[in-house]
Amino acid sequence: MVKSIMLRAIILYEVIIYLISTLVYGGALITSVYTGIWFFQHLPLPVFLLIIPNLIIVFILTLIFEVGFIRLLVPKMKEGFYEAPGRSMFYFWTLNLTLNRLLFFDPIKNIILYSATLRFFTFLALGAKFSYATSVSANTVFTDMQMFSVGKNSVIGAWTMISGHYINKGKLGLGMIVIGENVNIGTHCHIAPNVTIGNNTWVGAECRISPMVYIGSGCSIEPLTIIPPGTRINDGENYPKK
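What's the story with the nonpolar core in this structure? I'm lost.
In summary, soluble globular proteins display a tendency toward joint burial of nonpolar side chains. Membership of the largest hydrophobic core comes to 48 residues, with the highest contact counts inside it found for Phe148 and Ile179. Counting residues per element, this core draws most heavily on helix 3 (residues 55-73), at six residues. Among residues more than four places away in sequence, those in contact with Phe148 are Phe123, Ala128, Lys129, Phe130, Phe142, Ile156, Ile162, Met176, Ile177 and Ile179. Among the nonpolar cores identified, the runner-up in size contains ten residues, and Tyr82, Met89, Met147 and Leu172 belong to it.

Right, dumping it as structure tokens:
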């Protein structure tokens, strides 16, 4: 019975991602082509040739708009534990994950994350609370953007993975990840759901922050640290303690 439900869920996901991908990518491609035709008809040829490479920006901006519009039609994700598959929240999460993957798809992802403006609008379109003044490496992996909040002047290093979900024993867990202002997160870190990191905190490279962890303001986390679930690190503390 469980295998049958899971099989149906996988098939449904494949159908949904195919339909949404066709709609979104097709719409962005058509917009780019018609924009190029308009430029060709109204601009001198040398100017048109200079503009052609910028049509990729038109394509990406259209993608961002389409994804943002579709996301507004999908019910918001809420923190909690849900049967996977089974509960409606699991399918809402699947839809949001699909939208996330449409934008964070190489090489589109690299172009978006290298540009502060495209990055800002992308994060807003996917439902994240994100500051324009936040620096993010193009190699960073994000999922569940609705569950993600980061303050201004924070830095997220390369190959860090930030995920607002996990699946364990047939249940989907969703939880917020809140990163404050002026936070520095090193490379190759992994941050799980239900995590809070306060202002002015430094997290070293290759750290693993488990679910339900609270890190206060002005803290320092040593590189290669694994923080177990439920840990609380108060303001100004170092971890592990020396």
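Sorry, what's going on with the packing of aromatic side chains here?
Note on aromatic pairs: each is described by the distance of the centres and the angle between the planes. Per the stated rule, a full pass over the model turns up 13 aromatic pairs. Ring geometry for Phe90 versus Tyr91: centroids 5.3 Å apart, planes at 85°, classification edge-to-face. On the basis of relative accessibility, which here comes to 10%, the residue Phe90 falls in the buried class. An aromatic cluster is defined as three or more aromatic residues linked by ring pairs; in this entry it consists of Phe104, Phe123, Phe130, Phe142 and Phe148. Here the guanidinium or amino end of Arg232 rests over the ring plane of Tyr214, the centre of that ring lying 4.2 Å away.

How should helix 4 (residues 88-103) be read in this particular structure?
Each turn of an α-helix holds 3.6 residues, which means side chains three or four residues apart point in the same direction. In a regular helix each residue adds 1.5 Å, so 16 residues correspond to 22 Å; helix 4 covers 24 Å between its end C-alpha atoms and thus fits that length. Looking at helix 4, one finds that the buried residues are Met89, Phe90, Trp93, Thr94, Asn96, Leu97, Thr98, Leu99, Asn100, Leu102 and Leu103.

Mind showing me how you'd approach the sheet that holds strand 15 (residues 208-209) here?
Sheet strands pair by backbone hydrogen bonding; their relative direction is either parallel or antiparallel. Strand order in the open sheet formed by five strands is 4-7-12-15-18, and the pairing between neighbours is parallel. Of all strands in the sheet, those bounded by a partner on one side alone are strand 4 (141-142) and strand 18 (226-227). Sheet topology note: the strand 4/strand 7 (residues 161-162) ladder contains two bridges and is parallel. Each residue of the ladder has a partner; that of Val141, found in strand 7, is Met161.

What am I meant to see in the packing of helix 3 against helix 6 (residues 116-125) here?
A pair of packed helices is characterised by two quantities: the angle between their axes and the separation of those axes. It is the contact of helix 3 with helix 6, at a shortest axis distance of 8 Å, that shows an interaxial angle of 20°. In terms of orientation, helix 3 and helix 6 fall into the roughly parallel class. Between helix 3 and helix 6 the crossing geometry is left-handed. Of helix 6, the residues touching helix 3 (which contributes Ile57, Ile60, Leu61, Ile64, Val67, Gly68 and Arg71) are Leu118, Phe121, Thr122, Leu124 and Ala125.

How should I be thinking about a nonpolar patch on the surface in this particular structure?
On the surface, Leu7, Ile11, Val15, Tyr18 and Leu19 cluster together into a nonpolar patch covering about 520 Å² of accessible area. Tracing the sequence through the fold places Tyr18 in helix 1 (residues 2-42).

Just checking my understanding: could you explain the state of the cysteines for this structure?
As used in these notes, a disulfide is a covalent bond between sulfur atoms, one from each of two cysteines. Taken as a whole and judged by the stated rule, the model has zero disulfides. Cys189 carries a free sulfur, and the closest cysteine sulfur to it, the one in Cys207, is 4.8 Å from it. Accessibility expressed as a relative area gives 3% for Cys189, which makes it buried. Note on Cys219: no disulfide assigned, nearest cysteine sulfur contributed by Cys207 at a separation of 12 Å.

Conventions used here
- Within each chain, residue numbers correspond to sequence positions counted from 1 in written order.
- Only residues with pLDDT of 70 or above have their local features reported here, since the model is predicted, and side-chain atom pairs are shown and tallied only from 80 upward, although totals for entire chains, interfaces and linings are computed over all residues.
- Only hydrogens and water are set aside when side-chain values are computed; all heavy atoms of the structure are taken into account.
- The criterion is simple. A nonpolar core is a set of buried Ala, Val, Leu, Ile, Met, Phe, Trp, Tyr and Cys residues joined through side-chain atoms within 4.5 Å.
- Note on classification: 1.4 Å probe, protein chains only; a residue is buried when its accessible area is under 20% of the maximum for its type, exposed when over 50%, partly exposed between these limits.
- Labels follow the DSSP assignment, with helices taken as runs of H or I lasting at least four residues and strands as runs of E lasting at least two, numbered in each case from the N terminus.
- Note on contacts: a residue pair is in contact if any heavy atoms of the two residues lie within 4.5 Å.
- Pairing of aromatic side chains here covers Phe, Tyr and the six-membered ring of Trp, requires ring centres within 6.5 Å, and sorts the geometry by plane angle: under 30 degrees stacked, over 60 edge-to-face, intermediate tilted.
- By the criterion adopted, a ring carries a charge over it if an Arg CZ or a Lys NZ lies within 6 Å of its centre and within 35 degrees of its normal.
- Take the residue count of a helix, subtract one, and multiply by 1.5 Å to get its expected span.
- Should DSSP find at least two bridges between two strands, the strands are regarded as paired.
- Interaxial angle, 0 to 180 degrees, is taken between N-to-C directions of lines fitted to C-alpha atoms, where a helix line uses only the stretch in contact.
- In this scheme, roughly parallel covers angles under 35 degrees and roughly antiparallel covers those over 145, while 65 to 115 is roughly perpendicular and the rest are oblique.
- Rotating anticlockwise by less than a right angle from the far helix to the near helix defines a left-handed crossing, while the corresponding clockwise rotation defines a right-handed one.
- Patches in this entry comprise residues that are over 30% relatively accessible and not in a salt bridge; like charges within 9 Å are linked, as are nonpolar side chains (Val, Leu, Ile, Met, Phe, Trp, Tyr) within 5 Å.
- Using the Shrake-Rupley algorithm and a 1.4 Å probe, accessible areas are obtained, with residue cover drawn only from the displayed protein chains.
- For salt bridges, the criterion is a side-chain nitrogen of Lys or Arg within 4 Å of an Asp or Glu carboxyl oxygen.
- Cysteine sulfur pairs qualify as disulfides if the two atoms are within 2.5 Å.

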